[in-house]
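Letter by letter, the chains look like this.
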Amino acid sequence: MTIEELYHFFEQHPVVTTDSRDCPEGSIFFALKGENFDGNQFARKALEQGCAYAVVDDEACAKGDSRFILVENGLRTLQLLARHHRRTLATPIIGVTGTNGKTTTKELIAAVLGERFNVLYTQGNLNNPIGVPKTLLRLTREHDIAVVEMGASHPGDIRELVEIAEPDYGIITNVGKAHLLGFGSFEGVVKTKGELYDFLRGREGSVVFIDCGNEHLRAIAQGLSLVPYGVGDNEGLCAAGEVVTCDPMLTMRWRHGGGEWHTVPTHLIGAYNIYNMLAAAAIGIYFGVSQEQVCHALANYVPSNNRSQLTVTPHNRLIVDTYNANPTSMAAALNNFRDMEVTPKMAILGAMRELGDVSDEEHRRVVDFLMQNGFDKVWLVGEEFDGIECPFSKFHDVEEVKAAIAQQCPEGYHILIKGSNSTRLFELPALL
């Protein structure tokens, strides 16, 4: 079956699922394979649960029912169907990637553009070869624009995603030290994130939104139509801004070109979030959102998913940033925590994973920072800290931390909680 033929089925049944436990009536089930699962084995169940058709790539599973659609590769078919749908609707698409801040930036962009347009945007962090096509297949003719997040952990990952989504606009939030085990080096990170630029460079009418202060991004942005934003008072920027206060919520001010300044109180913790806010402001201005609407969207955005969240408990005030951690984001969080005028301060830090050969060096760098900046209490979680001499409490895993919380009952602290998602520090706020 060709993609064009499959698309006729999709037009009649415009909802797709890859989970046999979630089968909306009349949807199309795509059987995907992973290291530990084979969706073909659940295709018949999906039909029984309400799916109209099941796309499978195992001939043995396609027998005995005309509702099975046999293809060569289920995932590739899902991707090609999504690209065909994207081309059919021709909805303007903004591609968002970067080492840190891409999910927050994506949501801020969607909030700002939502002041004027009907916006489709990536839900959660569905930014991989499965999530991107599923996002695109949610597009309808009612959507004015789409904001699609793209993640990467290996060279070529962004190239694969842009060839599916075919964005018209793009933003790389930043490049930093993350997933070095997969990328091999920081240069590999830059090259992979730059695959978004490479695609847009060959796409007529494309535009890139860029932090003009980021030398790594400027170095790979030759030949692109650029809309700049950044920190400072540069009248040549689409959105220029600066931090007003951060205690702990960020208040920033910004302006477009040489226009008037707008002061915006936010629900975000961390001075580093000003870059995400300015990116959203610049994109909003470019697409004709008024400056007042930009301010309204930025001021009313509330983070979720354990990203830069302030949680107040009966015992402590928590800065919860447990979705992920790498050397760049860890340094930003620690610098911000150091500069907060609050006391006493406690840090519960989990290991940073997937750093390869530089793991020891980067964890020592974290410990050195902590020793130089005199936080009142520090707990380190993960075997990556085992070989580093320091006066701080160390824990093998989150279960040991839970036991220590129950025994010591920390109270009256401002507590920064940050670590890679696999350290499961997101389980701690309910106990503090």
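Note that the coordinates shown come from a computational prediction; the quantities given were computed from them, not determined experimentally.

Thresholds, definitions, all that
- Position numbers for residues start from 1 in each chain and track the written sequence from start to end.
- It should be noted that, the model being predicted, local features are given only for residues of pLDDT at least 70 and side-chain atom pairs only at 80 or more, the latter also being counted only at that level, while totals for whole chains, interfaces and linings use all residues.
- Hydrogen atoms and water are omitted, and side-chain values are computed over all heavy atoms in the structure.
- Remark: exposure states derive from per-residue accessible area (1.4 Å probe, protein chains only) relative to the maximum for the residue type, with buried under 20%, exposed over 50%, and partly exposed in between.
- In DSSP terms, a helix is any run of H or I states spanning at least four residues, a strand is any run of E spanning at least two, and both are numbered starting from the N terminus.
- To be clear, the arc concerns the directions from the helix axis to the C-beta atoms.
- Contacts are assigned to residue pairs that have any heavy atoms within 4.5 Å of one another.
- For the purposes of these results, a polar contact is taken to be a pair of N or O atoms within 3.5 Å, where, inside protein, one atom must be able to donate a hydrogen and its partner to accept one; residues adjacent in sequence count only when each atom of the pair is a side-chain atom.
- For two strands to be treated as a pair, DSSP must find no fewer than two bridges joining them.
- Buried Ala, Val, Leu, Ile, Met, Phe, Trp, Tyr and Cys residues form a nonpolar core when they are joined through side-chain atoms within 4.5 Å.
- Here an angle of 0 to 180 degrees is reported between the N-to-C directions of two axes, which are lines fitted to C-alpha atoms, with helices fitted over the stretch in contact.
- With respect to orientation, any angle under 35 degrees is reported as roughly parallel, any angle over 145 as roughly antiparallel, any angle of 65 to 115 as roughly perpendicular, and every other angle as oblique.
- With the far helix as reference, a near helix turned anticlockwise by less than a right angle produces a left-handed crossing, and one turned clockwise produces a right-handed crossing.
- Cavities and pockets are found on a 1 Å grid laid over the protein atoms alone: a cavity is a set of points where a 1.4 Å probe fits but cannot escape, a pocket is an open set with protein on both sides within 12 Å along at least five of seven lines, and a lining residue has an atom within 4 Å of such a point.
- Grid points are joined across faces, edges and corners, and a volume is the space filled by probe spheres set on the points.
- Following the grouping adopted for this structure description, the nonpolar residues are Ala, Val, Leu, Ile, Met, Phe, Trp, Tyr, Cys and Pro, the charged ones are Asp, Glu, Lys and Arg, and the polar ones are all others, Gly among them.
- What a helix is expected to span follows from its residue count: subtract one and scale by 1.5 Å.

**Looking at helix H15 (residues 398-408)**
Stage number 1. Along H15, the residues classified as buried are Val398, Val401, Ala404 and Ile405. Here the buried residues of H15 occupy an arc of 110° about the axis, which is enough to place them on one side. Counted as exposed and oriented over 90 degrees from the buried face of H15: Ala406 and Gln407.
Stage number 2. Its buried side turned inward, H15 meets strand E17 (377-381) and strand E18 (393-395).
Stage number 3. Among the residues of H15, the N-terminal cap falls to aspartate 397, whose side-chain oxygen and the backbone nitrogen of glutamate 399 are separated by 3.1 Å.
Stage number 4. Once H15 ends, the next one or two residues include cysteine 409, with phi positive near 50°.

**Some remarks on the pairing of strand E9 (residues 207-211)**
Stage number 1. Most of E9 is tucked away, with 5 of its 5 residues classed as buried.
Stage number 2. Judged by which residues are buried, E9 turns out to be covered on both faces: Val207, Phe209 and Asp211 on one side and Val208 and Ile210 on the other are all buried.
Stage number 3. Relative to strand E10 (residues 226-231), E9 runs parallel, the two being bridged by 4 bridges. From the neighbouring strand, phenylalanine 209 faces E10, where its bridge partner is valine 227.

**Observations concerning the nonpolar core**
Stage number 1. The biggest cluster of nonpolar side chains holds 42 residues, and the ones touching the most others in it are Phe30, Leu136 and Tyr197.
Stage number 2. Counting residues per element, this core draws most heavily on helix H6 (residues 157-165), at 5 residues.
Stage number 3. With residues near it in sequence (within four places) discarded, leucine 136 still touches Ala82, His85, Arg86, Ile93, Val148, Ile164 and Ala165.

**A few points about the sheet that holds strand E13 (residues 262-269)**
Stage number 1. Read from one edge of the open sheet, 9 strands run E6-E7-E5-E8-E9-E10-E11-E12-E13, paired in mixed fashion. Where the open sheet ends on each side, the last strands, each with one partner, are strand E6 (119-121) and E13. Recorded for the sheet is a direction-independent mean angle of 20° between the axes of neighbouring strands.
Stage number 2. Packing against the sheet, helix H12 (residues 291-300) makes contact with strand E12 (249-255) and E13, and its axis sits at approximately 25° to E13.

**What to know about the sheet that holds E17**
Stage number 1. Reading across the sheet, the 6 strands line up as E14-E15-E19-E16-E17-E18 and stay open at both edges, with mixed pairing between neighbours. Only two strands of the sheet have a single neighbouring strand rather than two, namely strand E14 (309-312) and E18. Taking the axes of each pair of neighbouring strands and ignoring which way they run, one obtains an average angle of 20° across the sheet.
Stage number 2. For strand E16 (residues 345-350) and strand E19 (residues 414-418), the ladder comprises 5 bridges, and the chain directions are parallel. Across the sheet, residue leucine 349 finds its bridge partner in E19, namely lysine 418.
Stage number 3. Along the sheet, H15 makes contact with E17 and E18, crossing E17 at roughly 150°.

**Quick word on the packing of helix H4 (residues 102-113) against H12**
Stage number 1. In contact at an axis separation of 8 Å, H4 and H12 are set at 135° when each is read in the N-to-C sense. In terms of orientation, H4 and H12 fall into the oblique class. The interaxial crossing formed by H4 with H12 has right-handed handedness. Counting all contacts with H4, which are made through Leu108, Ala111 and Val112, the residues of H12 involved are Val294, Ala297 and Leu298.

**Focus on empty space enclosed by the protein**
Stage number 1. With the rule as written, the count across this model stands at 1 cavity of 30 Å³ or more.
Stage number 2. Its boundaries defined by the atoms lining it, the largest cavity holds a volume of some 40 Å³.
Stage number 3. As for the largest cavity, its lining consists of Ile269, Tyr272, Ile319, Asp321, Ala333, Asn336, Phe337, Met340 and Leu416.
Stage number 4. The set of elements that each furnish at least two residues to the lining of the largest cavity consists of strand E15 (317-321) and helix H13 (327-339).
Stage number 5. Ranked by residues supplied to the lining of the largest cavity, first place goes to H13 with 3 residues.
Stage number 6. Classifying every residue of the lining of the largest cavity by side-chain character gives 7 nonpolar, 1 polar and 1 charged.

**A word on H13**
Stage number 1. Its 13 residues give H13 an end-to-end C-alpha distance of 18 Å, which sits within 8% of 18 Å, the value for a rise of 1.5 Å per residue.
Stage number 2. For H13, the complete set of buried residues consists of Pro327, Ser329, Met330, Ala333, Leu334, Asn336 and Phe337.
Stage number 3. The N-cap of H13, judged by a side-chain oxygen 3.0 Å from the amide nitrogen of threonine 328 a few residues on, is asparagine 326.

**As for unusual backbone geometry**
Stage number 1. Residue threonine 343 is joined to proline 344 through a cis peptide bond whose omega torsion reads -10°.
Stage number 2. One non-glycine residue, glutamate 166, lies in positive phi territory at about 45°.
Stage number 3. Along the chain, glutamate 166 turns up in the loop between H6 and strand E8 (169-172).
Stage number 4. Residue class for glutamate 166 comes out buried when judged on its relative accessible area of 11%.
Stage number 5. Phi at cysteine 409 is positive, roughly 50°, even though this residue is not glycine.
Stage number 6. On the accessibility criterion, cysteine 409 (48% relative accessible area) is partly exposed.

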